[in-house]
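# Results of the structural survey
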Amino acid sequence: MGTTILLPPELLRMVFTAVVVIALVFLNSLILGYVERKLAGRFQLRPGPMEVGPHGILQLMADAVKLLGKQFIIPQAANSPLFRLAPLLAFVPVGASFIVVPLSQKLQVRDLDVGLVFIVAVMALNMVATLIAGWASNNKYSLFGAMRSVAQSVAYEIPLLLSLVAVVLMTHTFNMQEIVLSQDNIWHVVQQPVAFLIYFIAGMAETHRAPFDLPEAESELTAGFHTEFSGIRFSFFFLAEYTNMFFVGSIAVVLFLGGWHGPQLPFMDYSAAVWFLLKVYSLLLVMIWVRWTFPRVRFDQLLNFCWKYLTPIALVNLLVTAVVVKL
Amino acid sequence: MTTNPDNQQQSFFLNMGPQHPSTHGVLRVLLEMDGEYVRDAEPVIGYGHRMQEKLGESRTWKGFMPYSARLDYVGALPCSHGFIGLIERMTGIEAPPRAEYIRVITSELNRIASHLLWLGAFLLDLGAFTPIMYTFDDREQVLDILEDVTGSRLTYCYFRVGGVSRDIDEPFVEKTRAFIQRLRSRFKLYDDLVTGNIIFIKRVQDIVQFTPDMAMRYGVTGPILRSTGIRYDIRKNEPYSVYPEFDFEIPVGETGDCLEVYRVRLREMEQSLRIIEQALDRLPQGPVLAKTPRQLKLPQGDASFAVETARGELSYYLISDGGETPYRLKIRTPSFSNLSPLSELCRNVLLSDLVMVLGTLDLVIPEIDR
Amino acid sequence: MKQYFSLLFIGTKSLLVGLGVTFRALLSPAVTVHYPRQKIAITPNFRGHTLLVKDRSTGRHRCIACMMCERNCPSNCITVVGEKPEGATKKALTAYSLDFTRCSLCGICVECCPTQALDFSDEYELAAFSREAYHYNLLEQVEKTA
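All figures in this text were calculated on a predicted structure; none of them were measured in a lab.

### Some words on the overall build of chain A
The secondary structure content of chain A amounts to 13 helices and zero strands. For chain A, the N- to C-terminal ordering of α and β elements is α-α-α-α-α-α-α-α-α-α-α-α-α. For chain A, the spread of C-alpha atoms along the principal axes amounts to about 60 × 55 × 45 Å. Buried residues in chain A amount to 54% of all 327 residues. Considering only contacts within chain A whose residues lie at least 6 apart along the sequence, 77% involve residues at least 24 apart. Accessible area for chain A stands at about 14300 Å²; split by element, carbon and sulfur atoms hold 74% of it.

### Focus: the overall build of chain C
Scanning chain C for helices and strands turns up four helices and five strands. The secondary structure elements of chain C, listed N-terminal to C-terminal, are α-β-α-β-β-α-β-β-α. In terms of overall size, chain C is more extended than a compact globule, its C-alpha atoms giving a radius of gyration of 27 Å where 146 residues would be expected to give roughly 15 Å. Considering only C-alpha atoms, chain C reaches an extent of 100 × 30 × 30 Å along its principal axes. In chain C, the proportion of contacts linking residues at least 24 apart, taken out of those at least 6 apart, comes to 67%. Accessible area for chain C stands at about 9400 Å²; split by element, carbon and sulfur atoms hold 58% of it. Taking the average place of the 17 positive charges on the side chains of chain C and the average place of its 13 negative ones, the gap between the two points comes to 12 Å.

### Let's talk about the interface of chain A and chain C
Quite often, the size of an interface is put as the accessible area lost when its parts meet. Contacts between the two partners involve 17 residues from chain A, matched on the other side by 17 residues from chain C. Overall, the association of chain A and chain C removes approximately 1600 Å² of surface from exposure, summing both partners, and the carbon and sulfur fraction of that is 67%. The tally of links between chain A and chain C comes to one salt bridge. Ionic pairing is found between E51(A) and R37(C), a salt bridge with its closest N-O pair at 2.4 Å. Across the chain A-chain C interface, the total number found is 10 residue pairs in polar contact (both at pLDDT 80 or more). Ranked by residues supplied to the side of chain A that touches chain C, first place goes to helix α13 (residues 299-326) of chain A with four residues. The residue inventory of the side of chain A that touches chain C, partitioned by class, reads 12 nonpolar, one polar and four charged.

### Here's the deal with the pattern of salt bridges
Side chains that differ in charge, positive against negative, can pair when their charged atoms come close. Residue and element names in this part refer to chain B. Tallied over the entire structure, the rule returns 46 salt bridges over all chains. In this structure, the salt-bridge partner of E140 is R153, at a minimum N-O distance of 2.6 Å. Of the two residues, E140 sits in helix α5 (residues 131-150) while R153 sits in the loop between α5 and β4 (159-160), which places them 13 residues apart along the sequence. The residue E268 makes a salt bridge to R226 at a minimum N-O spacing of 2.5 Å. Of this pair, E268 sits in helix α11 (residues 258-281) while R226 sits in helix α9 (residues 223-227); the two residues are 42 residues apart in sequence, bridging distant segments of the chain. Relative accessible area serves as the criterion here: at 1%, E268 is assigned to the buried category. Here the residues in one salt-bridge network are E108, R111, R226, D233, R235, E268 and E308, joined through shared partners.

### Some remarks on the interface of chain B and chain A
Contact with chain B, which involves 34 residues of that partner, is made by 24 residues of chain A. Here chain B and chain A share an interface that buries about 2600 Å² over both sides, 61% of which is from carbon and sulfur atoms. Three residues stand out in chain B for area buried against chain A, namely E36(B), F129(B) and I199(B), and they jointly supply 23% of the buried area on that side. Between chain B and chain A we count two salt bridges in total. For E36(B), the salt bridge identified is with R148(A), shortest N-O distance 2.4 Å.

### Regarding helix α2 (residues 61-68) of chain B
For α2(B), the buried fraction is high: seven of the eight residues fall into the buried class. Three or more residues of α2(B) are buried, namely W61(B), G63(B), F64(B), M65(B), P66(B), Y67(B) and S68(B). Check the buried side of α2(B) and you find it contacts α1 (52-58), α3 (76-91), β4, β7 (313-320) and β8 (328-332) of chain B together with α3 (108-112) of chain C.

### Quick word on the packing of aromatic side chains
For the structure on display, the rule yields 31 aromatic pairs over all chains. Taken together, a centroid distance of 6.1 Å and an interplanar angle of 50 degrees make the contact between W118(B) and Y262(B) tilted. Highlighted residues: W118(B) in helix α4 (residues 97-125) and Y262(B) in helix α11, separated in sequence by 144 residues. Residue W118(B) is classed as buried on the basis of its relative accessible area of 3%. A relative accessible area of 1% places Y262(B) in the buried class. Members of the aromatic cluster, joined through ring pairs, are F196(A), Y199(A), F200(A) and F256(A). Positioned over the ring face of F248(B) is K236(B), at 4.4 Å from the centre of the ring.

### A closer look at unusual backbone geometry
The general pattern is negative phi for most residues beyond glycine and trans for most peptide bonds. Even without glycine at this site, H55(A) takes up a positive phi of about 55 degrees. For H55(A), the location among the structural elements is in the loop between α1 (3-43) and α2 (59-68). You will see that Q116(C), though not glycine, has its phi angle at about 50 degrees, which is positive. Note on placement: Q116(C) falls in the loop between α3 and β4 (118-120). Residue class for Q116(C) comes out exposed when judged on its relative accessible area of 51%.

### Quick word on the packing of α4(B) against α11(B)
Residues and elements named next belong to chain B. The contact between α4 and α11 brings their axes to 9 Å, and the two run at 155 degrees. The pairing of α4 with α11 is recorded here as roughly antiparallel in orientation. Here α4 and α11 pass one another in a crossing that is left-handed. Across the interface between the two elements, Y101, V104, I105, E108, L109, R111, I112, H115, L116, W118, L119 and F122 of α4 pack against Y262, R265, L266, E268, M269, S272, L273, I275, I276, A279 and L280 of α11. Broken down by class, the residue content of the contact of α4 with α11 amounts to 17 nonpolar, two polar and four charged.

### Some details on the environment of E249(B)
Residue and element names in this part refer to chain B. Along the chain, the position of E249 falls in the loop between α10 (234-237) and α11. Once the C-alpha coordinates of E249 and G219 are considered, the two residues, 30 residues apart in sequence, prove to be 22 Å apart. Residues within four places of E249 in sequence aside, it is in contact with Q271 and R274.

### Structural notes on the nonpolar core
Among the nonpolar cores identified, the biggest contains 127 residues, and L31(B), Y316(B) and L342(B) are the most heavily contacted of them. Setting aside anything within four residues of it in sequence, one finds L342(B) in contact with V29(B), A41(B), P43(B), L354(B), V357(B), L358(B) and L361(B).

### Overview of the sheet that holds β8(B)
Residues and elements named next belong to chain B. The strand order across the open sheet built from three strands is β6-β7-β8, with neighbouring strands paired in antiparallel fashion. Bordering the open sheet on either side are β6 (301-308) and β8, each of which pairs with just one other strand. For this sheet the average axis-to-axis angle between neighbouring strands, irrespective of direction, equals 10 degrees. Seen against the sheet, α3 touches β6, β7 and β8 and runs at an angle of roughly 150 degrees to β6.

### Description of the sheet that holds strand β2 (residues 78-83) of chain C
Residues and elements named next belong to chain C. The antiparallel open sheet is built from three strands, whose spatial order is β2-β3-β5. The open sheet is flanked by β2 and β5 (135-137), the only strands paired with a single partner. Going across the sheet, the axis of each strand differs from the next one's by a mean of 15 degrees, ignoring polarity. The sheet contact formed by β2 and strand β3 (residues 92-99) spans six bridges and is antiparallel. In the sheet register, V80 faces β3, and the bridge partner there is Y96.

### Re the pairing of strand β3 (residues 37-44) of chain B
Regular strands place side chains that alternate from one sheet face to the opposite one. Residue and element names in this part refer to chain B. Strand direction decides the pairing type here: strand β2 (residues 28-34) and β3, joined by seven bridges, are antiparallel. By the bridge assignment for β3, L31 is matched with A41. Between β2 and the antiparallel strand that follows it, β3, lie two residues; G35 among them carries a positive phi value of about 65 degrees. With two bridges connecting them, β3 and strand β9 (residues 349-350) associate as antiparallel partners. Bridge pairing in β9 places V38 opposite V349.

Analysis parameters
Within any chain, residue numbers begin from 1 and follow the written order of that chain's sequence. The order in which chains are written sets their letters, starting at A; the order in which ligands are written sets their numbers, starting at 1. Given that this is a predicted model, residues contribute local features only at a pLDDT of at least 70 and side-chain atom pairs are listed and counted only at 80 or more, while totals for whole chains, interfaces and linings are drawn from all residues. For side-chain calculations, the full set of non-hydrogen atoms in the structure is used, while hydrogens and water are omitted. Helix and strand definitions here come from DSSP, where helices need a minimum of 4 consecutive H or I residues and strands a minimum of 2 consecutive E residues; each element is numbered from the N-terminal end. Note on classification: 1.4 Å probe, protein chains only; a residue is buried when its accessible area is under 20% of the maximum for its type, exposed when over 50%, partly exposed between these limits. Any pair of residues with heavy atoms lying within 4.5 Å of one another is described as a contacting pair. Using a 1.4 Å probe, the Shrake-Rupley method yields the accessible areas, and only the shown protein chains count as cover for residues. Atoms counted for the radius of gyration: C-alpha only. Globule rule: 2.2 Å times residue count to the power 0.38. His is not counted, nor are the chain ends, whereas Lys and Arg count as positive and Asp and Glu as negative. Taken as the charge location is NZ of Lys, CZ of Arg, CG of Asp or CD of Glu. Buried area: the accessible area, evaluated with a 1.4 Å probe, that two parts lose upon being put together, summed over both parts. Whenever a carboxyl oxygen of Asp or Glu lies within 4 Å of a side-chain nitrogen of Lys or Arg, that contact is scored as a salt bridge. Nitrogen and oxygen atoms within 3.5 Å of one another constitute a polar contact, given that in protein one can donate a hydrogen and the other can accept it, and given that sequence-neighbouring residues count only through two side-chain atoms. The residue classification treats Ala, Val, Leu, Ile, Met, Phe, Trp, Tyr, Cys and Pro as nonpolar and Asp, Glu, Lys and Arg as charged. All others, Gly included, are polar. Ring pairs shown here join Phe, Tyr and Trp side chains whose ring centres sit within 6.5 Å, with only the six-membered ring taken for Trp; geometry is labelled stacked below 30 degrees between planes, edge-to-face above 60, and tilted in between. A positively charged side chain is recorded as over a ring if its NZ (Lys) or CZ (Arg) lies within 6 Å of the ring centre. The angle to the ring normal must also be within 35 degrees. Every axis corresponds to a line fitted to the C-alpha atoms, with the helix fit spanning only the stretch in contact, and the corresponding angles, defined between N-to-C directions, vary from 0 to 180 degrees. Reported orientations rely on four angle classes, namely roughly parallel under 35 degrees, roughly antiparallel over 145, roughly perpendicular from 65 to 115, and oblique for the rest. What makes a crossing left-handed is the near helix being turned counterclockwise from the far one by less than a right angle; a clockwise turn instead makes it right-handed. Only buried residues count toward a nonpolar core, which is a set of Ala, Val, Leu, Ile, Met, Phe, Trp, Tyr and Cys residues joined through side-chain atoms within 4.5 Å. Pairing between strands is defined by DSSP: at least two bridges between them are needed.

Here's what the structure looks like:
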């Protein structure tokens, strides 16, 4: 077979992947958005959304339709091209990250050798989108949100990566599939509980979840960096946030919680995705639980916590891991 | 930034409000900022002005009665109590003892409701979304009890010159006792969820300092004054109604920071429960409304009456020239005085701290503007 | 150094205690009712807008058009019109209108009424598209009620 015949299937595969990934992004946001609102309700002794559909399961659909129908407002003083670009920029890395997530042994778009590096790098792009959104809005509150976001992301990237490197030292690979396979007998969370905790906390900060939701800080900055965004542009940030949560959960599951490993199911090569998703969503439930319990930390406290607690502990953990692995 | 001699160039102004989630109404704070640091905070008031004092002059005292509850709509009954007390002082009418007891019980219930709302809103300012739902759960119980006797849930017009408009009954007493039990058991929950929480403590402790000197200069009253260690409460210092008959403490703090204000308010709720409990035990029998002349005119002269509302000292001063309407009605509201030290307090704090301090002040905006 | 770790320990413990509180809330039933579908019983003492009471013995309202409520109303929201019919000695009520947009629900009109002709309704679900919807004609209302 010549290359001319090979191209179309490859193209088809790309299109198919793109469609599936975007569908997954929306589906994940719908599910997480609903679960979050429902759980928030239950934590607050109220039933949560109840009106649209049985137990309100279609509430997020209704919200999406509402957002689609809203007018795009671009403030006169805003930097219009950047203002239009920012929501897209928040959205793009989100789709890209899906490429390396190993839902099961076979359900993975591309098994990159540097999968872990790729996903962490792409996720960090989200910060740029936040910065541009805040900057282009030409609103002081938005700018505060953007500045906080950058400082927060830069600071928390360090303990996050340090905790991931601890696992990489043990597995000797950045390949997501191989990391999962290395946990055949024992999950890394048992060997690396400290790294897992640090990763989880830093991950929450990376995704701007409460108590680290400073870039949005409703009671201080009205809505932070997305104050000026309306309609579908606003919903892009919303999608990006929930999808980022999913990736933070995915990385945690791949590196610490055994990926798609679980009790045997028929067609394990594909159906193991059930275990993977189950683990990811359990982690996300904990993140939601934390969000609806604690007050927000202050900006300097956030950075202090990072530099005084997370980073040194992560470094010590890494050092100990390195020594143990060497022995 | 300190290396730049021309520091003026670095600062910029930020309008916080009149529409902002944490100004709790239409307060505007003009902030001079340097990055995230607040260099100066100037409250700009007047967005919720309703000419309460002028209304007092243009209507008969009876016509102003419903408005007195609209001063501080979160804790309306103590405000009404002040106005009714003023009219009673001027006309020499005395309410029967049962009515006075009922006034104390309902006022204290209202104080608790106000503090509960503050607790929730304060934590909302700090970014905790859940506690306000728990405090609302408790507050709804108070409102249900009060609705049953007063007929409304927020802006009560319950007190009358010479008594109260409706007597309380046995179910009211039972429900109130049940509520006392309930709230006492709930304090543990608030301690677990809030008081002990490390994030909460780090956010409020030692950020700004209310000093006795500052409080005196600005006329700060209420829990904020008491948190600096000054034991001043109208219910003890200038007793009105039947408050001297009850055994209760005035909680005072030491350090005067926001955590201390928080603690003082929580302890005040406990003391209010004590007062209500004693009043229910000793509730005298008898009428609840004294006979008053149908057309009651204010005699020539002046009088003042002060009460302790949930926010501090609220006092009315009325001058009558013997005519239909008062010549002048002056209302001193606690929120106005409590807001005044904001500029001095919030120098070189972070924006988040300013929001926290505004939450601590427990402002009711229409009360500031009256 | 000791303080560093004790703070870490105390802080973590306090956070876990807080999580416990919300977790218990998660397991306990909701305290709210699903409002338009479920309603809680309203107290009989509730003060809605005022009503003319129907006297059971006569089947008519008790208002004698003495104007006490109109004069005592702090918000000037009551208009009472009474006329002496030909040959009658007493005034009869011909119109009683309440401008509920101005009413402050103080209850003074109910208290000062010499014949107890007024009472509060238990209407609390109020929404309309115009102000005029709240200009109630109480006389018409009382005549309509069975």
